[in-house]
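Now for the letters of each chain:
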Amino acid sequence: MERRLSMKCSLSIKRGLLILSWCLLGQLSVPFALAAGPDLVLVTSKTSTIGLLTTDEVRKLYLGIPMFNEGQTIKPLLNYSDGYLQEVFMQKVMFMSTPAYQRQTLSRVFRIGGNRPPIYVGLHPLLNALKADSKTLTYMYSDEANAHPELKIISTLWKAQD
Amino acid sequence: MHNRSFFSLALILATLCCLPTIVLAYEGEFLLFPTLTGLHSTAPTMDRPQDKVEPSLDVFYSASHERFRFLAEYVTSPDHNMMERLQIGWLPTASSTLWLGRFHNPLGYWNTEFHHGSYLTTTISRPSVISFEEHGGNILPMHLNGLLLEGTTASPFSYSVAMGMGPKLEKVGLTPAKTLHPSNNHNQLSATARLVYKPQEDKMNELGIFAAHTRIPTEDIVMYMSMGSPLLTGITQNLVGAEVNHEFGDLRWIGEWYIVNNRLEAANTTVSHFFTSGYLQIDYSIRTNWILFGRVEDTARAKGDPYLDLRPEFIKSRTLAGVRYAVNRNQALKFELSHSEHQDQTKSRQVAIEWSAAFP
């Protein structure tokens, strides 16, 4: 009788642990399994002549590998206006964490010069920078990009349903 | 001699003339790499006392404007102050840069990747085969003054070709050409070529080969021979080498191997000898902020090498291990234990601890 009780007890403990693990995994997986939302797009100003860029080219550009458009350097800008957006960009386009990205770009600049992409924490300064220089580009949510007629979508970097 | 002075002066003038153009467009990076190193050694040398606390500051500035680049690195410490790099570059294509100025000789992986920023390296010490000129026991030219062309080809290969004034050998050791005092230079031409296979341009893995030819003038240096000690008139150094940097998972391997031939010339005699030297370093990330590392360095045919005998402090073999802890985004603490054997047969153990950072 006692043995059966202890078996029942151990089964319920196991079940409890399983449920707990499932809940914890569910909690943990939230930041990694990026929730469905608007797509991530690459944008520039309406007046820009920057053509279609592949995700591979965008990755190289943000790592500091120079790229030219009509003889002028394309300047990538980092959009830090939304922490989640930044995380999506790092995970889905750069395939690395933000600290790893920072180390790699610092190392590259120290090695061969050039500049790291400037960081914009606010959306308005970022939009102003895009408008001021037609050789700049950045990434943002598609609904945000569509809400600003002065912007042009170059390509979709990541689809939310992917 | 006049030609060399003129060349150095032209280099500085060209840099200064182009600087305002670049600065006007202002896209610059100003970086500070402060380092504080504490050392305890069981066998002190002239260059390194038993206990030493050495602060240093690496000031780096880089600017770019369209197809132009400017880069300057100045290192200051109680022992030496030096303009380590002063380069002006032009990008003929998106994947190539032509540099004019003082730059790091593109010898192998370490010297081209890490430069003087200790924060970026896992270990505290550099491998001895590529130690800097300002440190005792340096044997290869780490800096050149002249032209450097580097870039990538359409295939997954990148290249570097450098030509410039190399070092001269004085009693204190190899002395690179002085960028800021061009009239004092008596250095001669040096050339280096490096070819690297990099399967993915945006990844760090690479495999490379390199070769260099350096003519090293000497100043009041005598060669140690059984038949006397003739005064050296010059040294011709030729080397070939291979390098690897490979990362998989939490492991990173860095290795370099050098075959170095030196022809020492005196008035009535010439001696030629070669040695090989290399190292293998393994970094293992145990957690996000912690890296364990170990390195083995060794030199073959060092005994009786007439060139290495001129550099008794050269570390011909070393085993080291340590740990690097990233305190935060831009600061690191390192601890390193090493056991070394020098060219003069002295053996030493060393404990080193270092704080390093990169600002901003």
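Residues numbered from 1 in each chain as written. Chains lettered and ligands numbered in written order. Predicted model: local features only at pLDDT ≥ 70, side-chain atom pairs only at ≥ 80, totals over all residues.

1. Considering the overall build of chain A
Heads up, the condition is: A run of H or I in DSSP counts as a helix once it spans at least four residues, and a run of E counts as a strand once it spans at least two, with each numbered from the N terminus. Note on burial: count the other C-beta atoms lying within 10 Å of the residue's C-beta; 20 or more is buried, 12 or fewer is exposed, in between is partly exposed, and C-beta positions come from the backbone. We call two residues in contact whenever the C-beta atoms placed from their backbones are within 7 Å.
For chain A, the count of helices and strands is six helices and eight strands. Seen in sequence order, chain A has helices and strands lined up from the N terminus as α-β-α-β-β-β-β-α-α-β-α-β-α-β. Residue burial in chain A is summarised as follows: out of 162 residues, 23% are buried. The long-range share in chain A, meaning contacts at least 24 apart out of those at least 6 apart in sequence, stands at 76%.

2. With respect to the overall build of chain B
A tally of helices and strands in chain B yields two helices and 18 strands. Looking at chain B alone, contacts between residues at least 24 apart form 57% of all its contacts between residues at least 6 apart.

3. Remarks on the nonpolar core
Residues and elements named next belong to chain B. Note the threshold: By convention the nonpolar core is taken to be a set of buried residues drawn from Ala, Val, Leu, Ile, Met, Phe, Trp, Tyr and Cys and joined through C-beta atoms within 7 Å.
Counting residues in each nonpolar core, the largest one holds 30 residues, and the members touching the most others are V129, I130, L140 and I235. Listing elements by their share of this core, those giving two or more residues are β11 (206-217), β12 (232-248), β13 (251-266) and β14 (270-287). Top element by residues in this core is β13. It accounts for four residues.

4. Side note on unusual backbone geometry
For the bond running from F359 of chain B to P360 of chain B, omega is 0°, close enough to zero to count as cis. Positive phi is not limited to glycine here, since F95 of chain A has a value of about 55°. Secondary-structure assignment places F95 of chain A in the loop between α3 (83-94) and α4 (98-112). Judged by the 13 C-beta atoms lying within 10 Å of it, F95 of chain A falls in the partly exposed class. Residues other than glycine seldom take positive phi values, yet R301 of chain B does so here, at roughly 65°. Take R301 of chain B: it is sitting in the loop between β15 (290-300) and β16 (315-328). Looking at R301 of chain B, the number of C-beta atoms within 10 Å reads 15, which means it is partly exposed.

5. Notes on α3 of chain A
Just so we agree on the cut-off: Here, expected helix span is obtained from the residue count minus one, scaled by 1.5 Å.
In this model α3 of chain A runs 15 Å from its N-terminal to its C-terminal C-alpha over 12 residues, within 8% of the 16 Å that 1.5 Å per residue would give. Among the residues trailing α3 of chain A, F95 of chain A stands out with phi positive, at a value near 55°.

6. Remarks on the confidence of the model for chain B
Residue and element names in this part refer to chain B. Operational definition: Confidence of the predictor at the level of single residues is given by pLDDT, which spans 0 to 100.
Across chain B, the average pLDDT comes to 85, with 87% of residues at 70 or higher. Mean pLDDT across the elements of chain B ranges from a minimum in helix α1 (residues 2-25), with 48, to a maximum in β15, with 95. Within the model, pLDDT remains below 50 along residues 20-25, and this stretch shows eight contacts once partners closer than five positions in the same chain are excluded. Here the prediction assigns the complex a pTM of 0.78, and the interface score ipTM is 0.77.

7. Brief notes about the interface of chain A and chain B
This is how the line gets drawn: Only Asp, Glu, Lys and Arg are considered charged, only Ala, Val, Leu, Ile, Met, Phe, Trp, Tyr, Cys and Pro nonpolar, and every remaining residue, Gly among them, polar.
With 20 residues of chain A at the contact, the number on the chain B side is 21 residues. Mapped onto the side of chain A that touches chain B, the elements with two or more residues apiece are α2 (55-62), β3 (72-73) and α4 of chain A. Sort the elements by how many residues they give to the side of chain A that touches chain B and α4 of chain A lands first, with seven residues. Class assignment for the residues of the side of chain A that touches chain B results in nine nonpolar, seven polar and four charged.

8. Notes on the pairing of strand β4 (residues 81-93) of chain B
Residue and element names in this part refer to chain B. Applied cut-off: If DSSP finds at least two bridges between two strands, the strands pair.
For strand β3 (residues 68-76) and β4, the ladder comprises nine bridges, and the chain directions are antiparallel. Within β4, the residue paired with E73 across the bridge is R85. Between β3 and β4, which follow one another and run antiparallel, lie four residues. With antiparallel pairing between neighbouring strands as the criterion, β4 and strand β5 (residues 96-104) make up a hairpin whose turn holds two residues.

9. Some remarks on the environment of D56 of chain A
Residue and element names in this part refer to chain A. In this fold, D56 is placed in helix α2. Of the residues examined, D56 has 12 C-beta atoms within 10 Å and is grouped as exposed. Sequence spacing of D56 and R103 is 47 residues, and the spatial spacing of their C-alpha atoms is 20 Å.

10. Digging into the environment of Y325 of chain B
Here Y325 of chain B is to be found in strand β16. Among residues more than four places away in sequence, those in contact with Y325 of chain B are N289, W290, A332 and L333 of chain B.

11. Structural notes on the pairing of β5 of chain B
Consecutive side chains of a regular strand alternate in pointing toward one face of the sheet and then the other. Residues and elements named next belong to chain B. Counting buried positions over the nine residues of β5 gives seven, a clear majority of the element. Here six bridges tie β4 to β5, and the two strands are oriented antiparallel to one another. The residue bridging Q87 from the neighbouring strand is G101, located in β5.

12. Some thoughts on the sheet that holds strand β7 (residues 136-141) of chain A
Residues and elements named next belong to chain A. Spatial ordering of the open sheet is given by β4-β7-β1-β8, a layout of four strands whose pairing is mixed. The open sheet has two free edges, formed respectively by β4 (75-76) and β8 (151-158), since each of these has just one partner strand. Relative to β7, strand β1 (residues 40-45) is paired through five bridges, and the arrangement is antiparallel. Opposite L40, over in β7, you have Y141 as the bridge partner.

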